[in-house]
Amino acid sequence: MALYNTKGLTLDPKTFQHPLDRQATEAIQGSEVFQKILQWISKNSVEREMRMLYRSSKAQVTASVSPKLTAMVDEGCQMFGAEKKPEVYMERTYDLTMHLQGVDQPMLVISTELLPNVTERGLWGLIAGQMSAIRSGYCQIRFVQMLCAIKGLLPDSLAAPMVALFITWQKYAQLSLDRAALLATGDLNETARAILAGRAPLAVLEKMDLADPSCGYMTQAREFLRRPGAVAGTMKSAKAVIEDELYLAGRYVELFDFYQSAYQDILDDQED
């Protein structure tokens, strides 16, 4: 009996992938340079070296170490049709993040700081989202992105053309991962709180009804996103270019709008 995917959903990520993400993903996967880097990784056994580094420096999670995390990974793979289950590692960091990468063998690294800052259901949503990323080919993209960021590892003729593509993709891929998390949890509040994890104590976030279109944070988020003015617009644009993530306000509003529009249709299609 499923512990987390209690509705027995089986979804192809393409059914809910954000259009901007789809465009950015196809641009990378269709790039000749990207394919050359994948060949270089295979030829030089780079992934094997990375796995050895992870095993020697991070705590690997197995069923005996954490049955719950293992169940989340297993059910997430089943839900989104990911054929390759990732090796899972825990890492002591203060960033509330998960990193999934790999070409032949996916590797998922979870920050220990996430565990006290999200609920069990919220964590399930985040992990399920990462399993949808395996099906969508994000593992390979993230692995190549990481290698391109290591100065001197790849020739500039290969790494340089990919940087702008990666920045665009990473922002929009988050929107699809948020949608996957919502479909997994079936709870907009849980998913939105996981997005905002670390920005306020969990006890505070749990008092906010983020599914209410008139809640204070929704009002604040929409006001920020539509705020006029040259100075404000320039600063928002500059931050969006410099940083590799979307504004949390933008992710929250995008997820809410998806919940109000396509979310129920996707669930209804599962029942047909």
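Above: the structure in question.
About the cut-offs
Residues numbered from 1 in each chain as written. Predicted model: local features only at pLDDT ≥ 70, side-chain atom pairs only at ≥ 80, totals over all residues. Heavy atoms only, no water. Phe/Tyr/Trp six-rings, centres within 6.5 Å; stacked < 30°, edge-to-face > 60°. Helix = DSSP H or I, 4+ residues; strand = E, 2+ residues; numbered from the N terminus. Buried < 20%, exposed > 50% of the residue type's maximum accessible area, 1.4 Å probe, protein only. Axes fitted to C-alpha atoms, helices over the stretch in contact; angles between N-to-C directions. Parallel < 35°, antiparallel > 145°, perpendicular 65-115°, else oblique. Left-handed = near helix turned anticlockwise from the far one by under 90°. Contact = heavy atoms within 4.5 Å. Nonpolar A, V, L, I, M, F, W, Y, C, P; charged D, E, K, R; others polar.

With that settled, consider the packing of aromatic side chains. Counted under the stated rule, the structure contains six aromatic pairs. Seen in terms of ring centroids, phenylalanine 16 and phenylalanine 80 are 5.8 Å apart; in terms of plane orientation they differ by 65°. Their pairing is edge-to-face. Here the residue phenylalanine 16 occupies a position in the segment before helix H1 (19-29), and phenylalanine 80 occupies one in helix H4 (residues 67-80), the gap between them amounting to 64 residues. A residue is classified by how much of its surface remains accessible, and phenylalanine 16, at 2% relative accessible area, is buried. When the centroid spacing of 5.1 Å and the interplanar angle of 40° are considered together, the rings of tyrosine 217 and tyrosine 252 count as tilted. Of the two residues, tyrosine 217 sits in helix H10 (residues 216-225) while tyrosine 252 sits in helix H12 (residues 248-260), which places them 35 residues apart along the sequence. The same class applies to tyrosine 217 as to tyrosine 252, namely buried.

At a minimum axis separation of 7 Å, helix H5 (residues 120-136) and helix H7 (residues 156-185) run at an interaxial angle of 125°. Classed by the angle they form, the pair H5 and H7 counts as oblique. By crossing handedness, the relation of H5 to H7 is classed as right-handed. Only Leu177, Ala180, Ala181, Ala184 and Thr185 of H7 make contact with H5, whose side of the interface consists of Arg121, Trp124, Gly125, Leu126, Ala128, Gly129, Gln130, Ser132 and Ala133. Broken down by class, the residue content of the contact of H5 with H7 amounts to eight nonpolar, five polar and one charged.

Shape descriptors only; they carry no functional weight alone.
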